[in-house]
Amino acid sequence: KDEETGGVGCFMTKVPRGSALDVGMFHSDSNIQRQRATLEFWFFLPEIPSEIVLVRRSNYQSEEDCKDQCSVDEKGGLLWELVALPSGHLEFRNRHGVVLTSEVITGKDKGAFDFDPDDNDETKGQLSLPLENGYGGWNHVCLSFSCKNRAPTTCNISLRMKGSLISSTDISVDIPGLDEDEMLDFQAIDSALKHTLLTFGLGGIHGLRFTEIRMWACNRASDDIKMMMYEHLDIAKTKKEAEISNQKQRTCERY
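Residues numbered from 1 in each chain as written. Predicted model: local features only at pLDDT ≥ 70, side-chain atom pairs only at ≥ 80, totals over all residues. Heavy atoms only, no water.

Relative to the assigned elements, Arg93 resides in strand S5 (residues 90-94). Of note is the side chain of Arg93, whose polar atom sits 2.8 Å from the side chain of Glu91. Contacts of Arg93, omitting those with residues within four sequence positions, involve Glu51, Leu79, Trp80, Glu81, Val83, Leu85, Val98 and Val99. (Helix = DSSP H or I, 4+ residues; strand = E, 2+ residues; numbered from the N terminus. Polar contact = N/O pair within 3.5 Å; in protein donor to acceptor, adjacent residues only side chain to side chain. Contact = heavy atoms within 4.5 Å.)

Spelled out as structure tokens, the structure:
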């Protein structure tokens, strides 16, 4: 929180084209190791008085333009965003609007999601807020991306909350400044995405906190997420997991 202005800041990290965080979408078969990704993090919500952009990916053209991306209303370079709603649900949006939501039909027999005996039908897809007894408020969310065997700007998105699959769908992600033909040309895509950002906590409120932000260069399974989401991963654990992954001959790098 800015004590002088009273405003609440956000966390931003640059994602240059070809960098470690540039995974999950917009990659051809020549970069197959970049075609899948999992982004997960914990966040604490004291309340949700209005929409809060938990994470947004956008592109920018200059350093001055980069600074403007700190505004929740600056959507000129928007690629996608995950938004917390006052209703307590999540929405994943692209430039055209909502493409995925956590507001699902609950119940084992209704088939809206993969049944998990650990799930609570009444709260699945619903964000946790602090209770009077001091519990609650911490939420774990996970986004999985895969552009394997898909068109250049098409991607499969899966949303998990506390490790449980909520929804999954294929979406199209338009790139600002490119026409339909250019969005089929990876050279044009590489140029347009030379500079992108991941921004957390846009439109946030005092007390909003993030921790254990992790990016994996693979699609993490629900069981893996549930097993590790309560664990703090230090450098040693990261190296150990990489060694295990290599032994199993599968690519799953954490950044």
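Past the structure itself, the notes keep going.
Within the largest apolar cluster, 45 residues are counted, with the highest numbers of intra-cluster contacts made by Trp80 and Phe145. Not counting residues up to four positions away in its chain, the partners in contact with Phe145 are Gly24, Met25, Gln35, Arg36, Ala37, Leu39, Trp80, Phe92, Cys155, Asn156, Ile157 and Asn219. (Core = buried A, V, L, I, M, F, W, Y, C linked by side-chain atoms within 4.5 Å. Buried < 20%, exposed > 50% of the residue type's maximum accessible area, 1.4 Å probe, protein only.)

The next point concerns unusual backbone geometry. A positive phi is found at Phe26, a non-glycine position, where the angle reads about 65°. Within the secondary structure, Phe26 is located in the loop between strand S1 (11-16) and strand S2 (36-44). Note on Phe26: relative accessible area 1%, which makes it buried. One non-glycine residue, Glu212, lies in positive phi territory at about 50°. By the element assignment, Glu212 lies in strand S11 (residues 209-216).

The next subject is the packing of aromatic side chains. Under the criterion given, the structure shown has 11 aromatic pairs. Relative to Trp138, the ring of Phe44 has its centre 5.4 Å away and its plane inclined at 55°; by these criteria the two rings are tilted. One end of the pair, Phe44, is in strand S2; the other, Trp138, is in strand S7 (residues 138-146), with 94 residues separating them in the sequence. The class for Phe44 is buried, based on a relative accessible area of 13%. Classification of Trp138 by relative accessible area gives partly exposed; the value is 31%. Each member of the aromatic cluster is reached from another via a ring pair, and the members are Phe11, Phe41, Phe43, Phe200 and Phe210. In this structure, Arg209 is placed above the aromatic ring of Phe44, and the distance from its NZ or CZ to the ring centre is 4.6 Å. Lying across the ring of Trp216, Arg220 places its NZ or CZ 3.9 Å from the centre. (Phe/Tyr/Trp six-rings, centres within 6.5 Å; stacked < 30°, edge-to-face > 60°. Lys NZ or Arg CZ within 6 Å of the ring centre and 35° of its normal.)

When its relative accessible area of 19% is taken as the criterion, Glu212 is described as buried. Engagement of the side chain of Glu212 in a polar contact is seen with the side chain of Arg214, the distance being 2.9 Å. Each residue touching Glu212, except ones within four places of it in the same chain, is listed here: Glu40, Phe41, Trp42, Glu231, His232 and Leu233.

Okay, the confidence of the model for the protein chain next. The predicted model of the protein chain averages 84 in pLDDT, with 81% of residues at 70 or higher. Across the protein chain, S7 holds the top mean pLDDT of 97, while helix H4 (residues 235-247) sits lowest at 45. Considering only residues more than four positions removed or in separate chains, one finds that residues 106-113, a stretch of pLDDT under 50, has 17 contacts. Residue range residues 239-251 is modelled with pLDDT below 50. Its contacts to residues more than four positions away, or to other chains, number seven contacts. (pLDDT = per-residue confidence, 0-100.)

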